[in-house]
Amino acid sequence: MSSTFTKKHHVAHHFENADQEFKTCKVGMWAFIVQEVLFFSALFVAYAVFRGFYPDMFEHASSLLNWKLGFINTIVLIFSSYTMVKAVKSAQLSKQKSCVNYLIITFICAGIFMVIKYFEYTAKIHHGLMPAEWFFASSEYPTLHLFFGLYFTMTGLHGLHIIVGMGLIIWLIKRAKKGEFHKEYFTPVEMVGLYWHLVDIVWIFIYPLLYLL
Amino acid sequence: MKTEINYLNCSKGLKSWLFTHDHKRIAILYLIGIAISFLLGGVFAMAIRLELLTPDQLIVSSKVYNQLFTLHGAIMVLLVIIPAIPGIIGNFILPLMVGAKDVAFPKLNLWSWYFYMAGVLLSLYHLSTGAVDTGWTFYTPYSISTNTSVITVVTGAFLVGMSSILTGINFLATIHMMRIKEMGWFKMPLLLWAFYATAVIQIIATPVLGITLLLLVMERVAHIGIFDPALGGDPVLFQHFFWFYSHPAVYIMVLPAMGVISEIIPTFCRKKIFGYKFIAYSSIAIALISFLVWGHHLYVSGQSAFASMAFGLLTFIVAVPSGIKVFNWIATMYKGAIDLRSPFLYVLAFLVLFTIGGLTGIINGTLSLDLHLHDTYFIVSHFHYTMMGGVLIAFIAGLHYWWPKMFGKMYSERLARITCGLLFLGFNITFISQFILGTRGMPRRYHNYLPEFQSLHIISSIGAFIVGLAFFMMLYYLIDSLFRGKKAPNNPWGGTTLEWQASSPPVTENFEQTPEMRELYKYKSKDEL
Amino acid sequence: MRNKESHHIISDKTYMNTFIFLLVFTIITVIISRIDLGILNTPMAIGIALVKATVVALFFMGLKWEKGINLVLVWGAIIGIIIFFGLTFADISFRGDISEEETLFLEIQPEFNNHGQKGH
């Protein structure tokens, strides 16, 4: 049952109509996503280069990561992508309550992801499996710190993007509760949704490359 | 007499400027930031040329000399040449040219300026904590080990990169979605094609600079090791990452410059541009091919012979669309009714200087020749001909062309002409000597040099001081015009693009009446004006 | 008033199927990684990741129903990445490869043979 409380959206003065505003925002968002993709891409190039230089070290290093925790995180993130699209669709259909609820679930999933990340990180720090500045594990592989330099940089940057996403979702929840999203205007929900799916996609590559191979 | 309300006087006070959403005010804010940066970068240039008057130390130690050329390069490239035309001319003119009230995302536009100024301020600040001495290219492993403030300045560069990305997103969306109904893709001014192509590069290339700088910070803080040979890393990988952005970056610089030229030439020749579609398509072609050539900066870095060959061949291809544009511009001038006022004089200077820059680019791109020329003054001169003789001169041409629109005032035409001549003369004296120095083996970034090179260095420095003088003259007559300049008409040059239908200066909402789409190159004769 | 044509609303069924597809393929990629397929493990893992990412992009992000510039932007990113990888590996994979001419040169001047360092 949708709420009858909705806040009318005022189209920004420099746009001719709501349709132009929506489509322009979508173009801007896709352009932003493209630059995010290129931002992460260099990390994957570095990964490929060093995997090529030190294949045995990489295979050994990935066995030191907890693939089960990574698996849970992957499922959690995929589920959060699902709840995010449900939140967008709820807004498109003016279903205010279910929009808020799906956003809350998405937020919780992101929180679970970060908690698991916290446990993974503390374990690595405890064992000294770190970049060279803080590395103290004993290993037959003298370049093991390279793997962990990449591991922390890639997952750390990804985690930062999750945190930013969590902030954006809270912002959406606040606005959704005020009835700002409905079938005439759901742009912010859809745009944050696009961002969230990108964060999911980056993890879809990180998980097998770092944890499984 | 009642003063008309326009975007400059509609509201007063610092806050109304620092928190503005008006693209025109943001353009002026960029103008101030870029002018300050240019002054700083210029001071460092004068210091360098002063030091190089003698083969041994004259005024600074080697360490300080390294800092001087690093800062001159970093400031000029990142804080002046890359942001100038999009930030100032793009921000002011683009919405007017499409017939819109503002860019697609005005608040984001303000944030672009904030990020830019944060970069400027961090760069200024870091001068006090240990100015970097790595060269503006920050090559590893030295940039990892040097005890200068690399992290501060690299953070500034990261923020300036974000500014550029957001501007690219804004311009792409504006051109794509906010043109007036009658302005189809092939009816839009060529400056818009130029900004569109530039936006593609800004969006795709700049983030790679961002991640590279972030990784450099990670190297210094955590010693992740990927760029450090002592830790099992590869310093050439840094160069790949750096130049993946920095080569397309030179097209972020030059595409808007070419757009400006494509606007001024038809107006000052009162003639339709020759080969509109070729110029439009070549802008897109330059943007695409620019991504394929970065390895020509790595010819002598230990890159594989195969990669060097591949990049060499691809580099030859990227020059073709630029050449097409130069031919089209010249063809436009043929049998035109030429108006030799100052904007066009700067355009003529561009045509000569950019062509020299482009041709010497081909020389450098030739693998067998670059083995000898790399890291000599020949390279230095090449990129000054393109970035300064090309982009900066085009920016100046555009600034003069749209100055009456932006400020409602006319500057002194006499002083502008003298300055243009002085600048052209000084520039060539400075840099022809450097081409010769390069072919004779003078290495770049060297504080001390062999005595046989001194006479050419002295000539080059004299040229540099003339250039400095010319810029001070320009600063004088432009600022003077704001106070004592004649009031500018709406359309002082007889242009046919939409911005000339707005008042000079425009009102905040840009157009008092909805602009009327007219035929792009239908010029009135000089008598009709 | 927004008209339906300007924005396509994706069906619940599509969303659910996509979600299940992603779950299944995540499980598959983990299972495959536990089996030693030698040189095939890497391309299989990357291949499955690519399929999953494509499915997220098409159905969760709505690319299947997008037209025009948004698609061009995505293709731009894809091609940009391919170029980045491709030309970087044009260097990395062929480092130290010596051509016929260089081999000839090394035969004539053997003191250059120690990785090009004379006298070492």
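Refer to the structure above for everything that follows.
Description of the structure in this document. Values in this document were obtained by computation on a predicted structure and should not be read as measured data. (Residues numbered from 1 in each chain as written. Chains lettered and ligands numbered in written order. Predicted model: local features only at pLDDT ≥ 70, side-chain atom pairs only at ≥ 80, totals over all residues.)

### Describing the overall build of chain A
Rules: Counting from the N terminus, the helices are DSSP H or I runs at least four residues long and the strands are E runs at least two residues long. Neighbour counting defines burial: a residue surrounded by 20 or more other C-beta atoms within 10 Å of its own C-beta is buried, one with 12 or fewer is exposed, and intermediate counts give partly exposed, using backbone-placed C-beta atoms.
Scanning chain A from N- to C-terminus turns up 6 helices and 0 strands. Along chain A, from the amino end to the carboxyl end, the secondary structure elements read α-α-α-α-α-α. Its C-alpha atoms give chain A principal-axis dimensions of roughly 65 × 30 × 25 Å. Counting only residues that meet the buried cut, chain A has 52% of its 213 residues in that class.

### Digging into the packing of helix α10 (residues 305-333) of chain B against helix α3 (residues 69-92) of chain C
Put simply, the rule is: Here the axes come from fitting lines to C-alpha atoms, over the contacting stretch only for helices, and the angles between their N-to-C directions go from 0 to 180 degrees. Oblique is the label for any angle not covered by the other classes, which are roughly parallel (under 35 degrees), roughly antiparallel (over 145) and roughly perpendicular (65 to 115). C-beta atoms are first placed from the backbone for all residues, and any pair lying within 7 Å is then listed as a contact. Polar here means any residue outside two lists: the nonpolar Ala, Val, Leu, Ile, Met, Phe, Trp, Tyr, Cys and Pro, and the charged Asp, Glu, Lys and Arg; Gly therefore counts as polar.
Close contact between α10(B) and α3(C) brings their axes to 6 Å; oriented N to C, the two are set at 140 degrees. By the angle class used here, α10(B) and α3(C) are oblique. Here α10(B) contributes Phe306(B), Ala307(B) and Ala310(B) to the contact with α3(C), which in turn contributes Leu87(C), Ala90(C) and Asp91(C). Its residues assigned to classes, the contact of α10(B) with α3(C) shows 5 nonpolar, no polar and 1 charged.

### Thoughts on the interface of chain C and chain A
Each side of the interface is counted separately: chain C has 33 residues, and chain A has 35 residues. When contributions to the side of chain C that touches chain A are tallied by element, the ones reaching two or more residues are α1 (12-34), α2 (41-60) and α3 of chain C. Split by residue class, the side of chain C that touches chain A holds 21 nonpolar, 10 polar and 2 charged.

### Digging into the packing of helix α8 (residues 235-269) of chain B against helix α13 (residues 377-407) of chain B
All names here are of chain B. Let me state the cut-off plainly: Handedness of a crossing is defined here by the sense of rotation of the near helix relative to the far one, left-handed for an anticlockwise turn of less than a right angle and right-handed for a clockwise turn.
In the contact formed by α8 and α13, the axes pass within 9 Å of each other and the chain directions differ by 45 degrees. Considering their axes alone, α8 and α13 lie oblique with respect to each other. You can see that α8 and α13 cross each other, and the crossing is left-handed. Of the residues in α13, those in contact with Met253, Val254, Ala257, Val260, Ile261 and Ile264 of α8 are Thr386, Met387, Gly390, Val391, Ala394, Phe395, Ala397, Gly398 and Tyr401. Here the residues of the contact of α8 with α13 sort into 12 nonpolar, 3 polar and no charged.

### Concerning the interface of chain B and chain A
With 32 residues of chain B in contact, the opposing surface of chain A contributes 26 residues. If you list the elements that add at least two residues to the side of chain B that touches chain A, you get α6 (150-177), α7 (190-222) and α8 of chain B. Looking at the side of chain B that touches chain A element by element, the count peaks at 10 residues for α7(B). By residue class, the composition of the side of chain B that touches chain A is 21 nonpolar, 8 polar and 3 charged.

### Looking at helix α15 (residues 454-484) of chain B
All names here are of chain B. How we decide: Expected span of a helix: the number of residues minus one, times 1.5 Å.
Between its terminal C-alpha atoms α15 stretches 45 Å, which fits the 45 Å expected from 31 residues at 1.5 Å a residue. When α15 is considered as a whole, its buried residues turn out to be Leu456, His457, Ser460, Ser461, Gly463, Ala464, Val467, Ala470, Met474, Leu478 and Ser481. On its buried side, α15 packs onto α2 (23-51), β1 (409-410) and α14 (413-439).

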